[in-house]
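# A structural walkthrough
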Amino acid sequence: MGSSPIVVGAACGNSGGRCDVKRWWHHCALSSTSTYFLLSLMVLGSIATLYAWLILTPNVRATLSPIGCREDNEGSWSIGVFYGDSPFSLKPIETMNVWRDETAAWPVANPVFTCASVSDAGFPSNFVADPFLYVQGDTFYLFFETKNSITMQGDIGVARSVDNGATWEQLGIALDEDWHLSYPYVFDYNGQIYMMPEGSAKGELRLYRAANFPLKWTLEKIIMKKPLVDSFIINHQGKYWLFGSDHSGIGTRKNGQLQIWYSNSPLGPWKPHAKNPIYNLDKSMGARNGGRPFVYNGNLYRFGQDCGETYGRRLRLFKVEVLTKDEFREIEVPMGLEEPNKGRNAWNGARYHHLDVQQLSSGEWIGIMDGDRVSSGDLVRRLILGSASVFAVVVLVILMGTLVGAVKCIIPLSWCPHSRVKRSDAFLDWEKPDLFSSKIRKFCNRLNRICSSLRGRIKQNTFAGKLVLAFIFAVGVALICSGVSYIYGGSGAQEPYPLNGHYSQFTLLTMTYDARLWNLKMYVKHYSRCSSVREIVVVWNKGNRPELSEFDSLVPVRIREEEKNSLNNRFKVDPMIKTRAVLELDDDIMMTCDDIERGFRVWREHPDRIVGFYPRFVDGRRPRYRGEKHARRHKGYNMILTGAAFVDSQVAFRRFWSEEAEEGRKVVDELFNCEDVLLNYLYANASSSESEAAVEYVRPAWVIDTSKLSSVAISRNTGHHYRIRSRCLRKFAEMYGNLAKKSEFNGRKDGWDL
């Protein structure tokens, strides 16, 4: 074959290194080198595509709103609500069991306000942050920063709630200037409502007065000609105090500086504190303000931002012990807030940097917090890491090609100045003084000598050579998957899917016994990380129950010990379950949190149905149990196995333990099987008409059934298992009639039931 066609002079035949571009390109296209690179692209591209299809979860954020909620390098901030008897005992709204039928949230869960809340009202937003609450009687007004998806600038939005913060109505944009706005500190003074937003990009601190609350504001005064960030004013011991940070000074540590001014009025004039700057410390020390200060039991408290690991990583709380014109002293105290522990699967798992705490007329305290599931600069970081991974793959492909002989040199000689072959016109400009050309030529030659050196050291036909090639290929596969994950995989969070802009939670319930404990531990560790899981209930049917300390769980685990080993225990009425939705999931089924979240989203649309992941079709004329392939052949299903399905805990359990179902439960105990089949018949029998669907299917991306690795599963003998279930079908059909009408696959607009 001669020299590699990458070396242009050799690729063009025997014409002394001179040929036209068309002949050169035609020869190269047919060369082994081009074939090698084409095959490499096809193989690695196929692997990357398969990896993306099987492993990567959909970007939930992209589905939140058609006009907003774009990925933003500043983050994906949203807002949550907390309640407590004091500012030191705040709990998230989901623990208060606030239910809202109109949003299918049983209970309502944080975040209660997101970019979609603003975007769906016609105001495109990438995120919402810096929330401040203003209370008028039973009506709450929420002022916040919203980053406009079009102008990429911060504006001040406002929303309203009439149900103590459980749901919010976006009212509009309260303030929009030609510069970035954030931190809309709202307060009362002399019967007027004022707002002091951050506008450091303008280089001054401005005070606005409500001309027509809450949407119309007019400039009252420029308080200070300084680019202060995150400032607030508070009346304390007869004086007004202004806290803020000025990062514009020489030697100022960003996010680590704090200054104080005092005055007899919020309108000024303002005098600097004698100790200014109060702080100029490390950015993790909490100098930068993090929300509204509050007074409790006569003591003043201030929130500060810890920006050590990333901007706005967490909040720190300080008790102000001394505040005078000449002195300032504060000490850090515990906040009492439980730290989020689900990482990126939690709405505030990566950071939270703002909290407004106020006492309501009822005596209860409310807190409004912002949070983010990704760190600052995550988008750029992922792009850089993804690009670096792809570049490394290219290097490995060239290296592997060198070892197998498909690549003879790394840089074509015609690309190097003073080569003997004809150069492209694009490289004629490289003709520089001799010193520069000489260095480039030496660099080209040095790289090209690597080819022959590597081929001489590593023989591809030897065992060691094959091992090296296999290792390079494995590293290349790992890197291409990593690159695809970084560039196309989003933040890596398996987020919940909201319904009508709102979130909720569910209880996960499984039934097991001592012989399957190894399964259960793996099961609990995995599913406790899913965003919407509130509690895991283990129905323990027989054997010695494990200790709760044996489980690695991020949510509460409750073991419900049963006296009798019965499959009917799965659907026993349990008044301790606090959510309406229950995911019945066998302990030998492993699937992604994203699949679980999609199923939960569909169930919230159809809470009167069994919504699950294993479809079956039963012909009413001659009931016989068959697998999913049978349903696929008939292009529909009318049964969902409850080994992996969402049900309504208030309906399903009572229905299963009703007097009507007594004979069916006896069949379940007799055959030690078919409790899921019975529930399907009970749902079908309760439907208002035969044409109404009682079940809904959601296709999982992938499922691992660990029962295939175990000898203790009741379904391990498939033929015997199917025969028993066919008997159940015939018995239940006699008792309760036929199942509901067949639902077709691919009937959903979102394509989740393909």
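Residues numbered from 1 in each chain as written. Predicted model: local features only at pLDDT ≥ 70, side-chain atom pairs only at ≥ 80, totals over all residues. Heavy atoms only, no water.

## Observations regarding the sheet that holds strand β3 (residues 125-136)
Strand order in this open sheet of 4 strands is β3-β4-β5-β6, and the pairing throughout is antiparallel. Each end of this open sheet is capped by a strand with a single partner; those strands are β3 and β6 (169-175). Direction aside, neighbouring strands of the sheet carry axes that sit 30° apart on average. Bridge count between strand β4 (residues 139-148) and strand β5 (residues 154-161): 8 bridges; the pairing is antiparallel. Within β5, the position partnered with Glu 145 by the bridge is Ile 156. (Pairing = 2+ DSSP bridges. Helix = DSSP H or I, 4+ residues; strand = E, 2+ residues; numbered from the N terminus. Axes fitted to C-alpha atoms, helices over the stretch in contact; angles between N-to-C directions.)

## Quick word on a positive patch on the surface
A cluster of like positive charges, contributed by Lys 439, Lys 442, Arg 446 and Arg 449, occupies part of the molecular surface. Within the secondary structure, Lys 442 sits in helix α6 (residues 434-457). (Patch = residues over 30% accessible without salt bridge, like charges linked within 9 Å, V, L, I, M, F, W, Y side chains within 5 Å. Areas by Shrake-Rupley, 256 points an atom, 1.4 Å probe, with all protein chains shown as cover. Salt bridge = Lys/Arg side-chain N within 4 Å of Asp/Glu carboxyl O. Lys, Arg positive; Asp, Glu negative; His and termini not counted. Charge placed at Lys NZ, Arg CZ, Asp CG, Glu CD.)

## Details of empty space enclosed by the protein
Taken as a whole and assessed by the stated rule, the structure comprises 5 cavities of 30 Å³ or more. By volume, the largest cavity amounts to about 260 Å³. Around the largest cavity sit 26 residues that line it, and Arg 61, Ser 76, Asp 372, Arg 373 and Glu 495 are the ones nearest its centre. Ranked by residue count, the leading element in the lining of the largest cavity is helix α5 (residues 378-404), at 3 residues. A per-class count over the lining of the largest cavity returns 8 nonpolar, 10 polar and 8 charged. Of the volumes computed, that of the second largest cavity is approximately 60 Å³. Taken together, Thr 57, Pro 58, Asn 59, Val 60, Gly 489, Gly 490, Ser 491, Gly 492, Ala 493 and Glu 495 form the lining of the second largest cavity. Of the residues in the lining of the second largest cavity, the class split is 3 nonpolar, 6 polar and 1 charged. (1 Å grid on protein atoms, 1.4 Å probe; cavity = no way out; pocket = protein on both sides within 12 Å on 5 of 7 lines; lining within 4 Å. Points joined across faces, edges and corners; volume = space filled by probe spheres on them. Nonpolar A, V, L, I, M, F, W, Y, C, P; charged D, E, K, R; others polar.)

## Topic: helix α14 (residues 718-736)
With 19 residues, α14 should cover 27 Å at 1.5 Å per step; its first-to-last C-alpha distance of 26 Å lies within 8% of that length. Taken together, the buried positions of α14 are His 721, Ile 724, Arg 725, Ser 726, Cys 728, Leu 729, Phe 732, Ala 733 and Tyr 736. Lining the buried residues of α14 we find β30 (639-640), α12 (662-671) and α13 (675-686). At the exit of α14 stands Gly 737, carrying a positive phi of roughly 85°. (Expected span 1.5 Å × (residues − 1). Buried < 20%, exposed > 50% of the residue type's maximum accessible area, 1.4 Å probe, protein only. Contact = heavy atoms within 4.5 Å.)

## Points about the packing of aromatic side chains
Evaluation of the coordinates by the stated rule reveals 41 aromatic pairs. Between the aromatic rings of Phe 113 and Phe 144, the centroid separation amounts to 4.9 Å while the plane-to-plane angle is 65°, which identifies the pairing as edge-to-face. Taken together, the positions of Phe 113 in the loop between β2 (91-92) and α4 (115-119) and Phe 144 in strand β4 put the pair 31 residues apart, joining distant regions of the chain. Residue classification places Phe 144 among the buried residues on the basis of a relative accessible area of 0%. Ring plane angle 55° and centroid distance 5.7 Å describe the contact between Phe 143 and Phe 213, whose orientation is recorded as tilted. Here the residue Phe 143 occupies a position in strand β4, and Phe 213 occupies one in the loop between β9 (205-212) and β10 (216-224), the gap between them amounting to 70 residues. (Phe/Tyr/Trp six-rings, centres within 6.5 Å; stacked < 30°, edge-to-face > 60°.)

## As for the state of the cysteines
Enumeration over the complete set of coordinates arrives at 3 disulfides. Note on cysteine connectivity: Cys 530 is disulfide-linked to Cys 593, with sulfurs 2.1 Å apart. Residues Cys 530 and Cys 593 are joined through a disulfide that is left-handed, its torsion about the S-S bond being -80°. Here Cys 530 is found in the loop between α8 (517-527) and β23 (533-540), whereas its partner Cys 593 is found in helix α9 (residues 593-605), with 63 residues between them in sequence. (Disulfide = S-S within 2.5 Å.)

## Observations concerning a nonpolar patch on the surface
A contiguous nonpolar surface patch, about 470 Å² in accessible area, is contributed by Leu 383, Val 390, Val 394, Ile 487 and Tyr 488. Among the elements of the structure, α5 and α7 (463-488) are those that each provide at least two residues to the nonpolar patch. Of all the elements, α5 adds the most residues to the nonpolar patch, at 3 residues.

## Topic: the packing of helix α3 (residues 32-54) against α5
With their axes 11 Å apart at the nearest point, α3 and α5 run at an angle of 130° to one another. Comparing the axis directions of α3 and α5 gives the class oblique. For the pair α3 and α5, the crossing hand works out as right-handed. Contacts between α3 and α5 involve Tyr 36, Phe 37, Ser 40 and Leu 44 on the former and, on the latter, Val 393, Val 397, Ile 398, Met 400, Gly 401 and Val 404. (Parallel < 35°, antiparallel > 145°, perpendicular 65-115°, else oblique. Left-handed = near helix turned anticlockwise from the far one by under 90°.)

## Here we look at the sheet that holds strand β24 (residues 557-561)
The strand order across the open sheet built from 7 strands is β24-β23-β22-β25-β31-β27-β32, with neighbouring strands paired in mixed fashion. Here the strands that pair on one side only, and so sit at the sheet edges, are β24 and β32 (695-697). The average undirected angle you get between the axes of adjacent strands in this sheet is 25°. Here strand β27 (residues 610-612) runs beside strand β31 (residues 644-648); their pairing, made up of 2 bridges, is antiparallel. For Val 611, the partnering residue across the bridge sits in β31 and is Phe 646. Where α8 meets the sheet, it contacts β22 (506-512), β23, β24 and β25 (581-585), and its direction lies at approximately 170° from that of β22.

## Focus: α3
Helix length check: α3 (23 residues) gives 33 Å between terminal C-alpha atoms against 33 Å at 1.5 Å per residue, within 8%. Restricting attention to buried positions, one finds in α3 the residues Thr 33, Tyr 36, Ser 40, Leu 44 and Ala 48. Elements in contact with the buried residues of α3: α5 and α7.

## Digging into the packing of α12 against α14
Axis separation between α12 and α14 bottoms out at 10 Å; the angle between their running directions is 165°. In terms of their interaxial angle, α12 and α14 are classed as roughly antiparallel. Helix-helix and strand crossings are classified by hand; for α12 and α14 the assignment is right-handed. Within the contact between the two elements, α12 uses Glu 663, Gly 664, Val 667, Val 668, Glu 670 and Leu 671 and α14 uses Ile 724, Arg 727, Cys 728, Lys 731, Phe 732, Met 735 and Tyr 736. By residue class, the composition of the contact of α12 with α14 is 8 nonpolar, 1 polar and 4 charged.

## As for the pattern of salt bridges
Throughout the structure, instances matching the rule amount to 49 salt bridges. Among the ionic pairs, Arg 558 bridges to Asp 574, the shortest N-O distance being 3.0 Å. In this pair, Arg 558 is assigned in strand β24 and Asp 574 in the loop between β24 and β25, connecting sequence segments 16 residues apart. For Arg 558, a relative accessible area of 14% puts it in the buried group. On the basis of relative accessible area, Asp 574 is assigned to the buried category, the value being 9%. Linking Arg 748 and Glu 696 is a salt bridge whose minimum nitrogen-to-oxygen distance equals 3.5 Å. With Arg 748 in the segment after β34 (743-744) and Glu 696 in strand β32, this pair connects stretches of sequence that are 52 residues apart. Here the two residues Arg 748 and Glu 696 agree in accessibility, since each one is buried. A single salt-bridge network, built from bridges that share partners, covers Glu 535, Arg 558, Arg 560, Glu 562, Lys 572 and Asp 574.

## Looking at the environment of Gly 291
In this structure, Gly 291 sits in the loop between β15 (279-280) and β16 (294-296). Its relative accessible area of 0% is what places Gly 291 among the buried residues. Ignoring any residue separated from it by four or fewer positions in sequence, one finds Gly 291 in contact with Phe 132, Tyr 183, Phe 232, Phe 303, His 354 and Leu 355.

## A few points about the side chain of Asp 306
For Asp 306, the location among the structural elements is in strand β17 (residues 299-306). Residue class for Asp 306 comes out buried when judged on its relative accessible area of 8%. Here the side chain of Asp 306 touches Gly 308 through a polar contact of 2.9 Å, landing on its backbone nitrogen. Not counting chain neighbours up to four residues away, the residues in contact with Asp 306 comprise Lys 283, Ser 284, Gly 312, Arg 313, Arg 314 and Arg 316. (Polar contact = N/O pair within 3.5 Å; in protein donor to acceptor, adjacent residues only side chain to side chain.)

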